[in-house]
Number of protein chains: 2
Amino acid sequence: MQIVVQKYGGSSLATWEKMENVAKRIIKAKEAGNKVVVVLSARGDFTEELLSMAHTANPHGSKRERDALVSIGEQMSVTLMALTLQKMGCFAKSLNATQAGIMSTADFSTARIKRIKTQKIENELNKGNVVLVTGFQGVTAEGDVTTLGRGGSDTTAVALAAALQASVCEIYTDVEGVYSADPRIVPNAKKLPEITYLEMLELSALGAKVLQKRSVGLAKKYGVKLMVLSSLSEASGTLIKEEDKVENIFVSGVVSNKDIARVSISGIVDAPGVWFKVFSIMKKKDISIDFVEQRKMGDGTKDISFTIDLDRLEDTKDILQKNINQLSFEEMSHETNLAKLSVVSTGVATNPGVPSLMFEALFDAGINIDSISTSEIKISVLVDVEDMEKATKALHDRFLEENFIR
Amino acid sequence: MQIVVQKYGGSSLATWEKMENVAKRIIKAKEAGNKVVVVLSARGDFTEELLSMAHTANPHGSKRERDALVSIGEQMSVTLMALTLQKMGCFAKSLNATQAGIMSTADFSTARIKRIKTQKIENELNKGNVVLVTGFQGVTAEGDVTTLGRGGSDTTAVALAAALQASVCEIYTDVEGVYSADPRIVPNAKKLPEITYLEMLELSALGAKVLQKRSVGLAKKYGVKLMVLSSLSEASGTLIKEEDKVENIFVSGVVSNKDIARVSISGIVDAPGVWFKVFSIMKKKDISIDFVEQRKMGDGTKDISFTIDLDRLEDTKDILQKNINQLSFEEMSHETNLAKLSVVSTGVATNPGVPSLMFEALFDAGINIDSISTSEIKISVLVDVEDMEKATKALHDRFLEENFIR
């Protein structure tokens, strides 16, 4: 009997009606002859409510307590879903992270799953139960409850699918799959029937909200077959899988992201190892940086800048300030009026057509490019946030016209 | 360093202001040089809200899931209180039942504490933390979360005080202590400075809401010094302790309780062992019975009746119906229009003045007595629920006049 892992996000659980729809989907998977493990997020905006309560109680309280508080959101989801499934005649049992054996690091609020003791889950599956597991959380060796950070429920689902050797990990969301661009910005964006792990990794890293980067990386590492599907329709979704061996010139997506900030540091003493220090300081806090630039000044100092996710801005300023002696800089500033626009394609490295078409389209649309950053499978540019939507449409239209989008 | 266990109920935690007041009290106990363990209930009506959600999801769902859902109420309290204490500069750590090692039976919704693995609590106390423990819940050997049933947080507090050999267990509530009668019914009811375990046990068993019966029994068993105090005032409260060796003719309280039902069973075959069967059937479900009565009928059958707590009525009907073959009865009915009125006094057995004064007072007030039940330290009568308040006042007034109340 195959194991299927399904994950449902908070918006799919927000009302009793939605809960029952999800329950029907779960039962369908079970009746198709699978053992079913379901990972749930907190319902609706409950996580935000809990975070706001924690903030009211104490804006600077320990993350351990905040994590323990926030974890009750998923606990509510899994127990209510177990009750709902039981009402529909389906055997079901809820497990929190401690019970499910989801062992994590002790990095409260950004913990990482270390391993999963699957014994209890397997026992319950063998008894014929649908097993409902709290997403987004883990437990340390000392028994403290942790949360995994943004999009953590996706990571829980993929990690469970890997540990249980599930046949597929289905991520249910409020869109029908992965699109060639954000359909809210580009109305004729196309749903992709399939995409490689690497492309999805880039799309997520660049700001596509549909799947969390870490979960895609994990799926790639363990070869977990990942499906992104809508919890509201019967549409076929997007399959994320190992890259094809054949050469691929297609563009898998145009991603725009305005939730970024550029941090600039001026007056750094121009000695070797500056970037090494910056990268390792940021790495410690698990903050990814992009668009790294530097300018040497006449006085033996240099100015540097890089972009980060907007929600890591406070952390970034904190950690840089704390390391001011090690870095010996004069001033720090930041901008939030930029947007990152990216084209993801495994053909970037081998096919010069993709970058040239991209810059031509942006030029034709009159978009000013601030900076450029490239990798094996993507090109990103920084543009003024005011230009973001216009630029996204222009790019997507051009790639569609030229048959670069499947 | 002495250990103090404090317990705060849901109404003491209902608002942020109340939370901060409780935090101040906790800090005061710590600054007085104690190690402090605090047991909290769910805030305000949160437990009722969660139960109602469980009922909406599935009125007949598994108790395991309902317990796991309901347990998040106390988890919210302890984490928010930890954050509040931290804000006030006090080191604090929350522990749920699993973390605190509160091992219980697997009787979901009515579990009993089997033992407490105090290691983790003691470690945290030794690190200088106030330790906040979720009341009302336990964990089974298999790691399932249970709830302890009504008033369970009192039981948690007393069990912790016993296991940690605390110097005192302070139960904070919204009244200033134990009264000679319910002050809402009898305005001149007196606060008792002290009372014996046995008397308190009877008062609780008879319906006094201030302390849960099981917690008093546990305190008696382990000699835990118990204080009932107000979370709103600095008044001195009531001390519950071992009985004095001296003879005591005082009345410790007049208790009225309308949350009872009388169950009647008719047409039972009049063979030996009927009551034994009834008692053991009820015992299995942990349902206490009182006012047992029987009437032999001419046809070789008998009718029996007894009273139970109103909230066990459905369970009682269920279990009797399930055992209809074993008991071989014809019909079952129930009444809910009765109230139980009790006088608790260690002098009942030795001083005939107490019962005679009681019946005289009720006669003078024109109260009709339905049935009588006595024990070593209490006399109870059943009266019409309409007469309850009038009868309570009449009794309390008379005992006060005659100096039977301290």
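Scroll up to find the structure this text is about.
One structure accompanies this document, and this report is about it.

Rules and cut-offs
Residues numbered from 1 in each chain as written. Chains lettered and ligands numbered in written order. Predicted model: local features only at pLDDT ≥ 70, side-chain atom pairs only at ≥ 80, totals over all residues. Heavy atoms only, no water. Helix = DSSP H or I, 4+ residues; strand = E, 2+ residues; numbered from the N terminus. Rg over C-alpha atoms; globule rule 2.2 N^0.38 Å. Buried < 20%, exposed > 50% of the residue type's maximum accessible area, 1.4 Å probe, protein only. Contact = heavy atoms within 4.5 Å. Areas by Shrake-Rupley, 256 points an atom, 1.4 Å probe, with all protein chains shown as cover. Buried area = accessible area lost by both parts, 1.4 Å probe. Salt bridge = Lys/Arg side-chain N within 4 Å of Asp/Glu carboxyl O. Polar contact = N/O pair within 3.5 Å; in protein donor to acceptor, adjacent residues only side chain to side chain. Nonpolar A, V, L, I, M, F, W, Y, C, P; charged D, E, K, R; others polar. Patch = residues over 30% accessible without salt bridge, like charges linked within 9 Å, V, L, I, M, F, W, Y side chains within 5 Å. Lys, Arg positive; Asp, Glu negative; His and termini not counted. Charge placed at Lys NZ, Arg CZ, Asp CG, Glu CD. Core = buried A, V, L, I, M, F, W, Y, C linked by side-chain atoms within 4.5 Å. Pairing = 2+ DSSP bridges. Axes fitted to C-alpha atoms, helices over the stretch in contact; angles between N-to-C directions. 1 Å grid on protein atoms, 1.4 Å probe; cavity = no way out; pocket = protein on both sides within 12 Å on 5 of 7 lines; lining within 4 Å. Points joined across faces, edges and corners; volume = space filled by probe spheres on them. Least-squares fit on C-alpha atoms with pLDDT ≥ 70 in both. Phe/Tyr/Trp six-rings, centres within 6.5 Å; stacked < 30°, edge-to-face > 60°. Lys NZ or Arg CZ within 6 Å of the ring centre and 35° of its normal. Parallel < 35°, antiparallel > 145°, perpendicular 65-115°, else oblique. Left-handed = near helix turned anticlockwise from the far one by under 90°.

Check the secondary structure of chain A and you find 14 helices and 20 strands. In summary, chain A has a C-alpha radius of gyration of 23 Å against a globular reference of 22 Å for 406 residues, a match within 12%. Viewed in the frame of its principal axes, chain A has a C-alpha envelope of about 75 × 50 × 35 Å. The buried share of chain A, reckoned over its 406 residues, is 57%. For chain A, long-range pairs separated by at least 24 residues make up 74% of all intrachain contacts whose partners lie at least 6 apart in sequence. Of the roughly 17,500 Å² that chain A leaves accessible, carbon and sulfur atoms contribute 50%.

Turning next to the interface of chain B and chain A. Counting residues at the interface gives 37 residues for chain B and 37 residues for chain A. Here chain B packs against chain A, burying approximately 3,000 Å² in sum over the two surfaces, 59% of which is carbon and sulfur. When the area that chain B buries against chain A is broken down by residue, the three leading residues are Ala-57, Glu-65 and Leu-83 of chain B, summing to 19%. Linking chain B with chain A are two salt bridges, by the criterion used here. For the salt bridge of Lys-120 of chain A with Asp-144 of chain B, the shortest nitrogen-to-oxygen distance reads 3.9 Å. If you look at where chain B meets chain A, you find 14 residue pairs in polar contact (both at pLDDT 80 or more). At the level of secondary structure, the elements contributing two or more residues to the side of chain B that touches chain A comprise α2 (46-57), α3 (63-70), α4 (72-87), β3 (92-95) and α5 (97-100) of chain B. Here the element with the most residues in the side of chain B that touches chain A is α4 of chain B; it accounts for 11 residues. For the side of chain B that touches chain A, the per-class residue count stands at 16 nonpolar, 13 polar and eight charged.

A grouping of Lys-63, Arg-66, Lys-285 and Lys-322 of chain A is seen on the molecular surface, where their side chains present a positively charged patch. Inspection of the secondary structure puts Lys-285 of chain A in the loop between α10 (274-284) and β15 (290-296).

Counting residues in each nonpolar core, the largest one holds 76 residues, and the members touching the most others are Leu-132 of chain A together with Leu-132 of chain B. Beyond its immediate chain neighbours, meaning those up to four positions away, Leu-132 of chain B contacts Ile-26, Val-38, Leu-40, Val-78, Met-81, Ala-82, Leu-85, Ala-92, Lys-93, Ser-94 and Leu-95 of chain B. Membership of the second largest hydrophobic core comes to 41 residues, among which are Leu-203, Leu-211, Val-216 and Ile-377 of chain A.

All right, on to the sheet that holds strand β15 (residues 290-296) of chain B then. All names here are of chain B. An order of β15-β16-β14-β17 is seen for the four strands of this open sheet, with the pairing classed as antiparallel. With partners counted over all chains shown, the strands left at the sheet margins are β15 and β17 (331-335), one partner each. Direction aside, neighbouring strands of the sheet carry axes that sit 15° apart on average. In the sheet, strand β14 (residues 260-269) pairs with β17 via five bridges, with the strands oriented antiparallel. Opposite Arg-262, over in β17, you have Glu-335 as the bridge partner.

To find the voids left in a structure, one rolls a probe of water-molecule size over its atoms. The full count for this structure, using the stated rule, is four cavities of 30 Å³ or more. In this model, the largest cavity occupies a volume close to 70 Å³. The wall of the largest cavity is formed by Arg-64, Ala-68 and Val-145 of chain A together with Gln-75, Val-78, Ser-94, Leu-95, Asn-96 and Gln-99 of chain B. Of all elements in the fold, only α3 (63-70) of chain A together with α4 and β3 of chain B reach the threshold of two or more residues within the lining of the largest cavity. Looking at side-chain class alone, the lining of the largest cavity contains four nonpolar, four polar and one charged residues.

With that settled, the discussion passes to the relation of the copies chain B and chain A. It takes a turn of 180° to lay chain B on chain A, together with a shift of 0.1 Å along the axis; the resulting RMSD is 0.1 Å. The two molecules are tied by a two-fold rotation axis, judged by turn and shift. Closest approach to the rotation axis within chain B is made by the C-alpha atom of Ile-72 of chain B, at a distance of 3.0 Å.

All names here are of chain A. As summarised here, the arrangement of the four strands in space is β15-β16-β14-β17, forming an open sheet in which the pairing is antiparallel. The open sheet has two edge strands with one neighbour each: β15 and β17 (331-335). Between one strand axis and the next, the sheet turns by 15° as a mean value, whatever way the strands run. Packed onto the sheet, α10 meets β14 (260-269), β15 and β16 (301-309) and runs at close to 30° relative to β16.

Let us now look at the packing of aromatic side chains. Residues and elements named next belong to chain A. Going through the model one piece at a time under the given rule, you end up with four aromatic pairs over all chains. Look at Phe-399 and Phe-404: their rings are 5.8 Å apart centre to centre, the planes differ by 65°, and that puts the pair in the edge-to-face class. The residues Phe-399 and Phe-404 share a single accessibility class, namely buried. A cation sits over an aromatic face here: Arg-43 above Trp-16, 4.9 Å from the ring centre.

Here we come to the environment of Arg-406 of chain B. Relative to the elements of secondary structure, Arg-406 of chain B occurs in the segment after α14 (388-401). Separated by 145 residues in sequence, Arg-406 of chain B and Ala-261 of chain B place their C-alpha atoms 32 Å apart.

Turning next to the pairing of strand β19 (residues 371-375) of chain B. All names here are of chain B. Note that β19 and strand β20 (residues 378-384) share five bridges and pair antiparallel. Directly across from Ile-372, in β20, lies its bridge partner Val-381. In sequence, β19 turns back onto β20 through a hairpin of two residues.

This next bit is on helix α8 (residues 197-205) of chain A. Taken residue by residue, α8 of chain A has Tyr-197, Glu-199, Met-200, Glu-202, Leu-203 and Ser-204 of chain A as its buried positions. Gly-207 of chain A sits one or two residues past α8 of chain A and shows a positive phi near 120°.

All names here are of chain A. With their axes 8 Å apart at the nearest point, α8 and helix α9 (residues 213-222) run at an angle of 165° to one another. What the angle tells us is that α8 and α9 run roughly antiparallel. In the packing of α8 onto α9, the handedness of the crossing is left-handed. Of the residues in α9, those touching α8 at Tyr-197, Leu-198, Met-200, Leu-201, Ser-204 and Ala-205 are Lys-213, Val-216, Gly-217, Ala-219 and Lys-220.

Quick look at the pattern of salt bridges now. Applying the stated criterion across every chain, the model contains 46 salt bridges over all chains. As a salt-bridge pair, Arg-398 of chain A and Glu-401 of chain A come within 3.9 Å of each other at their nearest N and O atoms. Here Arg-398 of chain A and its partner Glu-401 of chain A are both found in helix α14 (residues 388-401), three residues apart, which amounts to about one turn of the helix. Residue Glu-194 of chain B is joined to Lys-241 of chain B by a salt bridge in which the shortest nitrogen-to-oxygen separation is 2.9 Å. Taken as a pair, Glu-194 of chain B in strand β10 (residues 194-196) and Lys-241 of chain B in strand β12 (residues 238-241) lie far apart in primary sequence, 47 residues in all. You can call Glu-194 of chain B partly exposed: its relative accessible area is 30%. When salt bridges that share partners are traced, they join Arg-64, Glu-65 and Asp-144 of chain A together with Lys-120 of chain B into one network.

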